[in-house]
Every structure is written in structure tokens, then in C-alpha cells.
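# Structure at a glance
The primary structure of each chain is shown beneath.
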There are 2 protein chains.
Amino acid sequence: MSKVKNALSTTRMEDFAGWYQAVVTAADLAENASVRGCMVIKPFGFAIWERMQSILDSKFKELGHSNCYFPLLIPVELFEKEAEHVAGFAKEMAIVTHHRLEHRNGKFVPASPLESPLAIRPTSELIIGESMARWVKSYRDLPVLINQWCNVFRWEMRTRLFLRTSEFLWQEGHTAHETEDEAVREARTMHELYLWFIRDVLKMYCIAGKKPAHDRFAGAVESLSIEAMMQDGKALQAATSHYLGQNFAKAVNIQFQGRDGAMHYAHTTSWGSTTRMIGGLIMAHGDDDGLNLPSEVAPYHVVIIPILKGTGQDGEIIEYCQKIRSSVQMRARVFIDLKEISPQNKKWDYVRKGIPFICEIGVNELRDESVYFIKRANDLEKTKLPLEEFAARIEELIQEHDDTLQQKNEAACKLKLVTGVKNFEEVKEFFSRDTGFIMAKWAGSEKNLASLEELAVSIRCLPITQSGTLGKCILTGEDAKIDVVLAKSY
Amino acid sequence: MSKVKNALSTTRMEDFAGWYQAVVTAADLAENASVRGCMVIKPFGFAIWERMQSILDSKFKELGHSNCYFPLLIPVELFEKEAEHVAGFAKEMAIVTHHRLEHRNGKFVPASPLESPLAIRPTSELIIGESMARWVKSYRDLPVLINQWCNVFRWEMRTRLFLRTSEFLWQEGHTAHETEDEAVREARTMHELYLWFIRDVLKMYCIAGKKPAHDRFAGAVESLSIEAMMQDGKALQAATSHYLGQNFAKAVNIQFQGRDGAMHYAHTTSWGSTTRMIGGLIMAHGDDDGLNLPSEVAPYHVVIIPILKGTGQDGEIIEYCQKIRSSVQMRARVFIDLKEISPQNKKWDYVRKGIPFICEIGVNELRDESVYFIKRANDLEKTKLPLEEFAARIEELIQEHDDTLQQKNEAACKLKLVTGVKNFEEVKEFFSRDTGFIMAKWAGSEKNLASLEELAVSIRCLPITQSGTLGKCILTGEDAKIDVVLAKSY
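Residues numbered from 1 in each chain as written. Chains lettered and ligands numbered in written order. Predicted model: local features only at pLDDT ≥ 70, side-chain atom pairs only at ≥ 80, totals over all residues.

### Some remarks on the overall build of chain A
Summing up its helical and strand segments, chain A has 14 helices and 25 strands in all. C-alpha atoms of chain A, sized along the principal axes, occupy 80 × 65 × 60 Å. When each of the 490 residues of chain A is scored for burial, the buried share is 50%. Across chain A, contacts joining residues at least 24 apart in sequence account for 69% of those joining residues at least 6 apart. (Helix = DSSP H or I, 4+ residues; strand = E, 2+ residues; numbered from the N terminus. Buried ≥ 20, exposed ≤ 12 C-beta atoms within 10 Å, placed from the backbone. Contact = placed C-beta atoms within 7 Å.)

Next comes the structure, spelled out in C-alpha cells:
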């Protein structure tokens, strides 16, 4: 039998999109549902989401936010209150028009039409704003700092698991403030929190910046995003924070009596992150053997596979596995897999799932009290350590694992970071043969944006850290100061 | 000024339904949304739900269940696959028929009709079963043990916050097994877990039993429920577990190759509990001052209110409050309220919210290093303890709080537990002047059930522990062995 070369049938080089789908399937993360555009998030995929939720949720709470729950269905009239907002979402809303099924001619058909149609929330600024309008009377009631974890729905024509599905899970934070300053600061604080999460927890190479005006959230005054670079050089917008000005406060009447005794509209923000980040993880850290998981979101750091031979020693081997578990479980998430599947299949299953350390424990390890394990992030490097050392070094090993993922990702991304492109012709030339993030100058006008769109390229963001130097606009050749990132995107 | 007699304007005696609504509002738990039949769960209400989720979720996982996520929308055709099931839910389903809004004559109207309508999930047996059918090939793939936390939708005509709303939050467990025995055992294990949660964690008086055949979940072979008694003597069905036989497995084709090499249908179960339990908490433990929270689901056990006088001592008082917090925070959830509201208003706010121990800390407490506090469960009994003793006894105090709630609830409920009712006339007579749980005999037939329904009374359950004695059927006068509980219900 020939040695397994890679755990997946498709490599990144051959077909990146096909490889992505292969990882989702091989790591048992999710599958397409029978409902068009919707997905089933399977146990392993959901366990990653639960880790993400738990980390973000505790940070939101530390910053003073409380969780709430608001209705799934939003009256269409309410949506109409913010003109840009409704226009931005109208093309992709699932609309409820009936509230009963009736049996007619052998099948069930919609009956009892509603007087006014209801939309399944694509986002909740208006329905939450309506509650805020009831809650806020005086400046003393501000700020209102809330968040909800829920499902949202945006009808999508072409879907891909985690990256773009009609229904997805997310958290949406919504806050109301007394002053513009405070609201702008809130949006930026949450933007920094997302940057920390995506760069420092998920170990993904990314650029934090402002969206150009033409690409802001529908109804926002300022939109901030984290643009993470995928291994194929495309951008993934991984989380966004918006300063909404007084637009939504005016639409739903969030007014308060200020310190000056007069009535004022509140300044609001919203910010969100979604199950899309799981897609980002795959494309940032995955390799031709499957997924690679940063330790903070890995359901397990260590999986122990007992190699049993059906002999009298099996009991001792299992006991030894338990001893290994006990020796690290205070500092690592560890699991002994006792399922009746061949150890070889188990091993490859955990390789594909991206578990950092996969231990194979048999008679040899039992005899010399050692741990034989695979380092997933280091191209499946095989290592043997005395149990004592393995246990003593487990936190260090986990840190090394994360560092390796981060370094590999950064090295790959830096190769796709392009500077020195002088004009639109060179942009066109670059994207005709390659992908990547082009760092360029922009004069800030929408002139010639259409030619960029023709290449399926967009201005991803205006990085928060601007160089301030003068150059030539990549679109118009005019003098330009603004640094921008151009890329294709998911 | 007259002393505040009770913290709520309506008492339980005057108007139980009005009192319930007053507690929901006064404890700031939830409010009606502008969308008919839907609710907004506010921060304090949601914090209680998060506690419930965390306790149940860890138990589900200990028992081997994994969380997943399945689509919100279910094709109507899929619903039709189980005849009883679709008939049971058809009258209350929200139906999506369009996937776009179009601007026409100055307003947005539904456009782009769907080829086949989609129902918002009222429950997910079929859509989850469809995935299970893909996952299960052999007996080695069984059992499948999954759960999801999500929103569901059942169109309701008359709604009450937490008790009956069109949208609510719940968890739904779904499992598939090789044998009937194993599936029946699973449904019963989860029933016992719910009993533990409702009786031992939420401290609610309740009876665990089987639903009579005519009141089973649509499509189930056996339905088990926890019937909790509210202070007004009505029953609240607080959680249910169903053994579904092979009905759903046949509908969606969950087939596996058995140990005998032949193909078999799986045996499935489902079990759920909802935000309705928060309504149950209110009606089990609330009093004329508001809510009372069992410690396990209380967002805080101890709230500390500094009594500041605007003098130089304020800083010291706040430091002393922090010292109190430090001395108990390893064993209790504690919060210092520094908001700029009068201490008196804060106190009544926490009384209405049902916080077990409300501490008022001013110059006196600072001077003699004591803690002055109100015991919420003991009719707001005022207590003063040296800080050292308060800290040393905090766990004991929490236990006493829970015992008090449990004893009060049990004492009130036992008064409304009625035995010795001999025939239907006496049932009628009882419910014409009172409410409560009547323990009676039933012959098991549906004869004369309609007369019971006319009284708005139903057979709540057949208690798990049956006496086995012979008596006369409360409906027909025939010889009867089955013990049943009759009650009005929410």
C-alpha cells in the first residue's frame, strides 16, 4: 500500500474552492441543508463556534454590554423608516405573508394572509432602536449597551458554507449614546476588540480599516472592518463596526432630555461578527491535510488515541491514557477517543479536524512512560517525549502551535502584499495573473470605480494607520494622500 | 409619607394575571414587541435565561449530547411527510412566500414569490431527521445525540410574556437509537433531568408524568412532561420529552444496517424546554413585592448598595463595599451598584428583581465593620451581621434562601393538592369555586373527556409513580386503576 500523501483529495494549488469544500466536509464542520442556501452546522463546527462565542461574549460583558433578545420578524413598515437601510436590504429579504397552512386538494398551502407582511431580520437596528426609544428618556438612561446572539437571514443566490449562506448565526451589538464622540469611540473600541480577536486569538493576518463611503453599511456614517487575507490572496471581511450617527435614532425616535434640558437624538452604533469567521479560519490556516485550529477555538488541544491489540495489556494502555489525560487536563482540553474505529482512521480524522496534538499510545509508550504525538501545525511532525516532560511543557507546546500557525499565515500573506503598483493598467495586469492585497493611493472620489468593479476588485478599506505621504491615485492619476487596500474578496 | 406596603401595585389576591404582568414589568424582564405576539427579553430576563442555559447545557454535554445548528426555514413538503405532525402544527405556522421587497407606489411590497413556501420552524424533528438520515448508515453510527438552542415560531392568537408568545427561545434535543429500549430510556433520562432541574434547581413543586394518548406531541408514541404547580393552582407544562417510535425515522428514512445485516428504521426521541420556565419561576416564587430567584439562576446572589451622603466618608464607604465584595466573591455572585440613583430606589428595584441578599452599606456598617442586609425570601427580613460572619456564612445563607423558597412553594402547593374527589360532579363543583391539582382515577378511555374540556380542565399527566390501587374513574364511574392529575393550565 502506498503511503497517504495528503488527507484530502483536492489540494489548494489544484483548486482552492474545491479544497475549501473538501475541508468543510472532511473536518465534519457543516453540510448543505435541503433548504436552498441554508446550512447545517455539525457538532465539530458548532463546537468551534461555541468557543468563539464564549471568548467574545465575556469580552462584551467586561466592556459593560448585556445580552438581550429581540424578535425575529420585523414589520416591513418599520424597515421603511430608514430609506437607505431598506434600500440596502430589500433585495434579499425573506418575507412572511401567511400564518397558517390549510389542507387543500391533498396538499398543505399557505392560508390566513397577514394584513402587513413581516420580514425575517437581516439585521436588527430598527427593531432594537424601537425598544431603545421606549427605554431612553433622559441622558441618565444612556449609554444603552446591548448585544444579541441570534440567526439572521439574507436571501443569497450563490451560497458557500460558512462564507455566504442565506441564514447565518452572528452576534449583533447595538448601543445608544449621549454624544457623537462617545458613540464614535464605542464603534472604534469594538473594532479594536474584533482586531484583537481575529489577529491575536484566531491568528489571522488582517488589516483594520474604514470602509470607503460607497461601501458603508446601509444607513451608517462610518463603517469599520477587519479585512483578513486568505491563502489565495482574497480578502474576507471578518467583522464590522458602524457609527450610525443620528440616522436610526431619528428614524425610530430615540430622543432624550439632555443635561441642557432640551431634547436630543441619541447617537447609535452597531457591530457584528458571524459564523463566517469559521470559513476564514479554514482559508487562513488550512492545508492539504485539512483544518488547523488556533488553540483558543480548538474544541480539544490534545486527543489521545489508544492503540489496542486485543491483548491483556489493553486495560493497562487505557489506564495509561487516563494518566496522560490527568497530567495535562488542568492546562489543556484533552479527550481520549475510545470509539471502535481503527486507530489509523481516528488519527487521520483528527488531522483533518486540525487538532493541535494527536497522541498515539500503545505498548511502547506504556513501557517507557512516554507520549508519542503528531504536531499538526508542523506538517504532522512526529515527536516522542517522556510523559513528565510532555505534561510539564504542554502550555509551551500549545503556545508554539499558535506561533507556528501565525508565522506560516503571516509568511504566506506577506508574499501576497503588493506595493509599488503605479497606475490602473498595472492593477489590471496584476489581477489578470495573480491575487493579493495591493496597497495603493486613492484620491477619495468615486471616479473610475466602475473599472475596478469590472475586475471584481474593490477598495477593501482605508487602513486605520495612514502613512500621510503623497502619491498618485490608482484610479485617476490625480495627487492622492489616502492609503487604500485593493483586493478581490469573498 | 406613608410606608410602602408592597413593591407592586397589584397583589396576587386581587388579580393574579395582572400581578404576573406587573412582576414582568417591575423586574424588568421583558416587554411586548411591536410585532404581534412577540417579546423583547430585556437584560435582566435574559441573564436568568443564560443561567438556565448554562446549567442545562453542561448536563446535556455530560450525557454525551453535542450542540448543532439546523435551518430556521423548513420546506412545507417536508412537513407533510409525517401526517399527524403537520396536522398538529398547520394552524400556527408562519409561512415565507417571497424573497424580496419591491418599491411600488411609494411603498415596499413582497416580490419574487418562492416556488415552494417555507415554514418557520415550530420544532425541528423533520429537518433534523433529514440530516440524521444522511449521517446514519450502520448501527455503528448510532446513537446520534444532538441538541440545539434556538428560536421557534408558533403563531398564537392570545399571548402572554414568557408563557405563550409566537416566537420563543428553547433547546430541542433530538436523538436516534438502534433499539426501542434505548430510545425509551433516553426520553426518560431527559425527563428525569428536567425533573431535577425544575424541582431541585428552580425549586418548583411539580409532578413528573406521562401525557395521556390524546394529548401527546404530534407524531409521538410517548410524551412525558413536568407539570409544575403555580401559586394560583394552575399547571404549567414546564418541559417535555418524547419517544417518537419509528414514525419520524420512516417519514425521513433514517435507516441503518443492523447487527443482523438487515436494514432497520431508527428509534428517535425529542425533548425540549423553553423561556416559558421564566414565567414558571415568577408564578411559583413571586410575591406581592415582585420576583424571587432561586440561587442557581439568580444573576447575582448579593447586591451591595452604598449609602453615600456626599461627605468625605463616601470614598471609605465604597472601599468598604469592595471589601465586602472581595470577601464573598469566590463563593457568590456579587455586584456593587454605583449608579446615580437614590439608594431607596435601588433597594426596591432589587427587591422587585428578586435578588436574594440586598446589602445597604453606610457609615454605621463602615464603623462597626458589619453588613446590613435584607433577606428577600424571608419577607424582606432585616439582618445585621459582622462582616466576618457574613462572609463565613454566605454559602449557608444562600442554601437557607433556597430552602425557604422551596418550603414556601411546597406549602402553598400542597394546600392546592386535592384528593378524595369521588365523581365528575365533585370535579365540576371544585373547579367552579377553586383551582388546584385533583389526584384522581381514570379508566383510560376518551369517553366524557369533552365534559372535562368544557370546564377548561385537562388530564395533565399520569404520574410516573402509580399507586396501583383500584378506584372509580372520575369521568365514567367505571373501575379504574390509573392515577391522573386534573388541573387547569397555562
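### Some points on the sheet that holds strand β5 (residues 95-104) of chain A
Read across the sheet, six strands follow the order β4(A)-β6(A)-β5(A)-β5(B)-β6(B)-β4(B) without closing on themselves; strand pairing throughout is antiparallel. Each end of this open sheet is capped by a strand with a single partner; those strands are β4 (73-75) of chain A together with β4 (73-75) of chain B. Going from strand to strand, the sheet's axes swing by 40° on average, the running direction of each strand aside. Relative to strand β6 (residues 107-120) of chain A, β5 of chain A runs antiparallel, the two being bridged by eight bridges. Across the sheet, residue His98 of chain A finds its bridge partner in β6 of chain A, namely Pro113 of chain A. (Pairing = 2+ DSSP bridges. Axes fitted to C-alpha atoms, helices over the stretch in contact; angles between N-to-C directions.)

### Some words on the relation of the copies chain B and chain A
Relative to chain A, chain B is turned by 180° and slid 0.0 Å along the rotation axis, the superposed coordinates differing by an RMSD of 0.0 Å. What the rotation and shift describe, once combined, is the action of a two-fold rotation axis. Within chain B, the C-alpha atom positioned nearest to the axis of rotation is that of Val96 of chain B, 2.1 Å from it. In this assembly, 98% of the residues forming the interface of chain B have copies in chain A that are likewise at the interface, indicating an isologous arrangement. (Least-squares fit on C-alpha atoms with pLDDT ≥ 70 in both.)

### What about the domain arrangement of chain A?
Residue and element names in this part refer to chain A. Under the domain assignment, chain A is made up of domain 1 (16-71 + 88-93 + 131-285), domain 2 (300-401) and domain 3 (417-487). Centre-to-centre separation of domain 1 and domain 3, based on C-alpha positions: 26 Å. Tallying the contact residues gives 15 residues for domain 1 and 15 residues for domain 3. Listing elements by their share of the side of domain 1 that touches domain 3, those giving two or more residues are β9 (206-210) and β10 (222-229). Ranked by residue count, the leading element in the side of domain 1 that touches domain 3 is β9, at four residues. In the side of domain 1 that touches domain 3, the residues fall into five nonpolar, four polar and six charged. (Domains from an automatic or database assignment. Nonpolar A, V, L, I, M, F, W, Y, C, P; charged D, E, K, R; others polar.)

### With respect to the packing of helix α9 (residues 314-328) of chain A against helix α12 (residues 387-414) of chain A
Residues and elements named next belong to chain A. Closest axis-to-axis distance for the α9/α12 pair is 9 Å, and the angle between their directions is 30°. Between α9 and α12, the angle is such that the two are roughly parallel. Read as a crossing pair, α9 and α12 show a hand that is right-handed. Of the residues in α12, those in contact with Ile324, Ser327 and Val328 of α9 are Leu387, Ala391 and Ile394. Along the lines of polarity and charge, the residues of the contact of α9 with α12 split into five nonpolar, one polar and no charged. (Parallel < 35°, antiparallel > 145°, perpendicular 65-115°, else oblique. Left-handed = near helix turned anticlockwise from the far one by under 90°.)

### Looking at the interface of chain B and chain A
Contacts between chain B and chain A engage 50 residues on the former and 51 residues on the latter. No other element matches strand β5 (residues 95-104) of chain B, which puts seven residues into the side of chain B that touches chain A. When grouped by side-chain class, the residues that make up the side of chain B that touches chain A number 33 nonpolar, eight polar and nine charged. Both β5 of chain A and β5 of chain B contribute to a ladder of three bridges, which runs antiparallel. In the sheet register, His98 of chain A faces β5 of chain B, and the bridge partner there is Ile95 of chain B.

### Some thoughts on the pairing of strand β15 (residues 302-306) of chain A
All names here are of chain A. Taken across its five residues, β15 has five buried, putting it largely inside the fold. Neither face of β15 is left uncovered, since the one carrying Val302, Ile304 and Pro306 and the one carrying Val303 and Ile305 both have all their residues buried. Each parallel crossover has a hand, and for β15 linked through α9 to strand β16 (residues 334-336) it is right-handed. In this structure, β15 lies alongside strand β17 (residues 357-361), joined through five bridges in parallel fashion. Looking at β17, one finds that Ile304 is bridged to Cys359. (Right-handed = clockwise from strand over helix to strand, strands pointing away.)

### Some thoughts on the sheet that holds strand β7 (residues 144-153) of chain B
Residue and element names in this part refer to chain B. Within the open sheet, the 11 strands sit side by side as β3-β7-β8-β14-β11-β10-β9-β22-β25-β21-β20. Their pairing is mixed. At either end of the open sheet lies a strand with only one pairing partner, and these are β3 (66-67) and β20 (417-418). Relative to strand β25 (residues 482-487), strand β21 (residues 437-442) runs antiparallel, the two sharing five bridges. Bridging from a neighbouring strand, Lys441 pairs with Asp483 of β25. In the packing of helix α5 (residues 125-135) onto the sheet, the strands contacted are β7, β8 (167-177) and β14 (267-274), and the crossing angle to β8 comes to about 30°.

### Regarding helix α9 (residues 314-328) of chain B
Residue and element names in this part refer to chain B. An ideal rise of 1.5 Å per residue puts 21 Å on 15 residues; α9 measures up with 22 Å between its terminal C-alpha atoms. Among the residues making up α9, those that are buried are Tyr320, Cys321, Ile324 and Val328. Along the long axis of α9, the arc covered by the buried residues comes to 105°, so they all point the same way. Opposite the buried face of α9, by more than 90 degrees, sit the exposed residues Gly315, Glu319 and Ser326. Where α9 is buried, its residues meet β15 (302-306), β16 (334-336), β17 (357-361), α11 (363-368), β18 (370-375) and α12 (387-414). (Expected span 1.5 Å × (residues − 1). Arc of directions from axis to C-beta.)

### Thoughts on helix α8 (residues 276-285) of chain B
Burial of α8 of chain B is extensive: 10 of the 10 residues sit out of reach of the surface. Within the sequence span of α8 of chain B, burial applies to Arg276, Met277, Ile278, Gly279, Gly280, Leu281, Ile282, Met283, Ala284 and His285 of chain B.

### Focus on the environment of Phe424 of chain A
Residue and element names in this part refer to chain A. As for its placement among the helices and strands, Phe424 is situated in helix α13 (residues 424-433). By C-beta crowding, Phe424 is classed as partly exposed, having 18 other C-beta atoms within 10 Å. Once the C-alpha coordinates of Phe424 and Leu452 are considered, the two residues, 28 residues apart in sequence, prove to be 8.5 Å apart. Apart from residues no more than four positions distant in its own chain, Phe424 is found in contact with Ser451, Ile474 and Leu475.

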